Amino acid sequence: MIRITDRAFDPEAELAAFRHGLRVSGAVVAMTGIVRPESDALLLEHFPGVTEAMIAAFADNLRTEFGLESAMVIHRVGRMLPGEAIVLAAAASVHRKAAIAALDRLMDWLKLEAPFWKLEETGNIRRWIEPGSTDPAGDRVSF
Amino acid sequence: MIRITDRAFDPEAELAAFRHGLRVSGAVVAMTGIVRPESDALLLEHFPGVTEAMIAAFADNLRTEFGLESAMVIHRVGRMLPGEAIVLAAAASVHRKAAIAALDRLMDWLKLEAPFWKLEETGNIRRWIEPGSTDPAGDRVSF
Amino acid sequence: MSRVLFFGRLRDQAGMSGHPVPLAVPLGLAEFREQVAGSDSGLLAALSAPVIRVAVNGTVLPRGANPVIRPGDEVAFLPPFSGG
Amino acid sequence: MSRVLFFGRLRDQAGMSGHPVPLAVPLGLAEFREQVAGSDSGLLAALSAPVIRVAVNGTVLPRGANPVIRPGDEVAFLPPFSGG
């Protein structure tokens, strides 16, 4: 299940629904990304339609490659505050090793290859964050 | 937080409480182990006092080694049914890589080095499961 | 007619999220960028930077790709991604 | 006096979770096992298998450890762990 939402969501409630839909898995591995307290707010932008389709295609390949029963991504966009969840990604499989490896891969991909753009607000300063650029703050804002 | 319990627990409710107690983390990574449907029931035994202390010591070292803000283990013992949670392990850190690596290590350790013994009930047959032995079913029962 | 879209800091720099681009014949990406930027040399430089990726009709192309833009295409300019 | 504890399949095999073991002087682990097993040669073999680990007073020792058991010690025999 892939969802992009501009509303705050409850990651554990979503994870419970995901787990209750499983039939054969022995392991559910999940990662919740949280807005860290350094900035006053984050604004996250995506490419409507395209970002969703790219995540869905990547998650499909991941299911096949790692033999997952299921994978889930919920990603927040819009303006969000410290402590709020940015992303919930989860992978479920019969054995834990596949689920952990798949989640690790999924998070790397979401961070590097999914079309999202992040703007940090601190006081009156708005600043686009670019990981991989020479900006040392590139990985400072969330996880 | 380390807890061993002989009652069913709600892994997502526990994970929500863990997350709400965090102050600096940008990533919470968690794994829930679920009793798989192959057996009618599992019985899990531990070494009271000793198992708890060993998990707590390992989690303390893990926090230091990976720079975690916090780590949690809740482990079920006693008799449990397919679909019920056996274990919830979670790690929280500023960045996701440390949390994922720590959770992977923690699960390996719980599986191999924590004093738990698992008995599978299928019909009238009760059978102790021993991973690492020559028993090919050693890793079949849960994750 | 085709369409250009700007995301992230490129939207701030262009001052808009996109606009139609009159296009009667196929153009190379470099020529398309010049048409999009018009007299704004700062925007042209920003669109041409090696870190900027391009999506044509919703397909994100690899860095350095050099597509031909055809009438009707939607071309998006994408700064480096920073999800999560 | 000392105490022995059995876990997992060893408890099934011993038919109990543990019992006091009269002990007036320190004993090597092998001698302690013989005293625990008494005339039950099957139990002695099970306790002596290389996969069985021993905990003394709540400290789990590495495989193959050969502790001296002293009066008052609590000695636990542990089959291979199978958590999770």
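Above this note sits the structure.
In this text the structure is predicted, and so the values were computed from the model without any measurement.

**Student:** Whenever I open this one, the overall build of chain A confuses me. Can you help?
**Tutor:** Scanning chain A from N- to C-terminus turns up three helices and eight strands. Overall, chain A shows an N-to-C arrangement of helices and strands of β-α-β-β-α-β-β-β-α-β-β. Against the 2.2 N^0.38 benchmark of 15 Å for 143 residues, chain A shows a C-alpha radius of gyration of 15 Å, consistent with a compact globule. Summarising its shape, the C-alpha atoms of chain A cover approximately 50 × 30 × 25 Å along the three principal directions. Classification of the 143 residues of chain A by burial places 58% in the buried group. Contacts in chain A between residues far apart in sequence, at least 24 positions, make up 74% of those at least 6 positions apart. Counting only carbon and sulfur atoms, one obtains 54% of the accessible surface of chain A, whose full area is about 5,500 Å². Once the 16 positive and 20 negative side-chain charges of chain A are each reduced to a mean point, those two points are 4 Å apart.

**Student:** Help me understand the interface of chain A and chain B, please; the structure alone is not making it clear to me.
**Tutor:** How big an interface is tends to be reported as the loss of accessible area on association of its parts. Chain A puts 33 residues into the contact, and the matching count from chain B is 34 residues. For the chain A and chain B pair, buried surface summed over both sides reaches about 2,900 Å², with 53% attributable to carbon and sulfur atoms. The largest contributions to the chain A side of the interface with chain B come from Glu12, Arg19 and Arg96 of chain A, which together make up 24% of the buried area. Where chain A meets chain B, there are eight salt bridges. Note that Asp108 of chain A is salt-bridged to Arg96 of chain B, the shortest N-O span being 2.8 Å. Where chain A touches chain B, the interface holds 13 residue pairs in polar contact (both at pLDDT 80 or more). Secondary-structure elements contributing two or more residues to the side of chain A that touches chain B are helix 1 (11–20), strand 2 (27–34) and helix 3 (96–113) of chain A. Looking at the side of chain A that touches chain B residue by residue, the classes come out as 16 nonpolar, seven polar and 10 charged.

**Student:** Would you take a moment to explain the side chain of Arg76 of chain A for this structure?
**Tutor:** Residue and element names in this part refer to chain A. With respect to the helices and strands, Arg76 occurs in strand 4 (residues 70–76). From its side chain, Arg76 meets the backbone oxygen of Arg79 in a polar contact 3.2 Å long. Side-chain polar atoms of Arg76 contact the side chain of Glu84, separated by 3.0 Å. Non-local contacts of Arg76, meaning those with residues more than four positions away in its chain, are made with Thr5, Asp6, Arg7, Ala8, Phe9, Leu44, Glu84, Ala85 and Ile86.

**Student:** I keep staring at the packing of helix 2 (residues 29–37) of chain C against helix 3 (residues 41–48) of chain C and nothing clicks. Help me out?
**Tutor:** Two quantities define a packed helix pair, namely the angle between the helix axes and the distance between the axes. Residue and element names in this part refer to chain C. For the pair helix 2 and helix 3, interaxial distance at closest approach is 9 Å and the crossing angle is 145°. For the pair helix 2 and helix 3, the sense of crossing is right-handed. For the pair helix 2 and helix 3, the contacting residues are Arg33, Glu34, Val36 and Ala37 in the first and Leu43, Leu44, Leu47 and Ser48 in the second. By residue class, the composition of the contact of helix 2 with helix 3 is five nonpolar, one polar and two charged.

Rules used throughout
- Residues numbered from 1 in each chain as written.
- Chains lettered and ligands numbered in written order.
- Predicted model: local features only at pLDDT ≥ 70, side-chain atom pairs only at ≥ 80, totals over all residues.
- Heavy atoms only, no water.
- Helix = DSSP H or I, 4+ residues; strand = E, 2+ residues; numbered from the N terminus.
- Rg over C-alpha atoms; globule rule 2.2 N^0.38 Å.
- Buried < 20%, exposed > 50% of the residue type's maximum accessible area, 1.4 Å probe, protein only.
- Contact = heavy atoms within 4.5 Å.
- Areas by Shrake-Rupley, 256 points an atom, 1.4 Å probe, with all protein chains shown as cover.
- Lys, Arg positive; Asp, Glu negative; His and termini not counted.
- Charge placed at Lys NZ, Arg CZ, Asp CG, Glu CD.
- Buried area = accessible area lost by both parts, 1.4 Å probe.
- Salt bridge = Lys/Arg side-chain N within 4 Å of Asp/Glu carboxyl O.
- Polar contact = N/O pair within 3.5 Å; in protein donor to acceptor, adjacent residues only side chain to side chain.
- Nonpolar A, V, L, I, M, F, W, Y, C, P; charged D, E, K, R; others polar.
- Axes fitted to C-alpha atoms, helices over the stretch in contact; angles between N-to-C directions.
- Left-handed = near helix turned anticlockwise from the far one by under 90°.

Interpretation note: all reported values are geometric properties and have no functional meaning in isolation.
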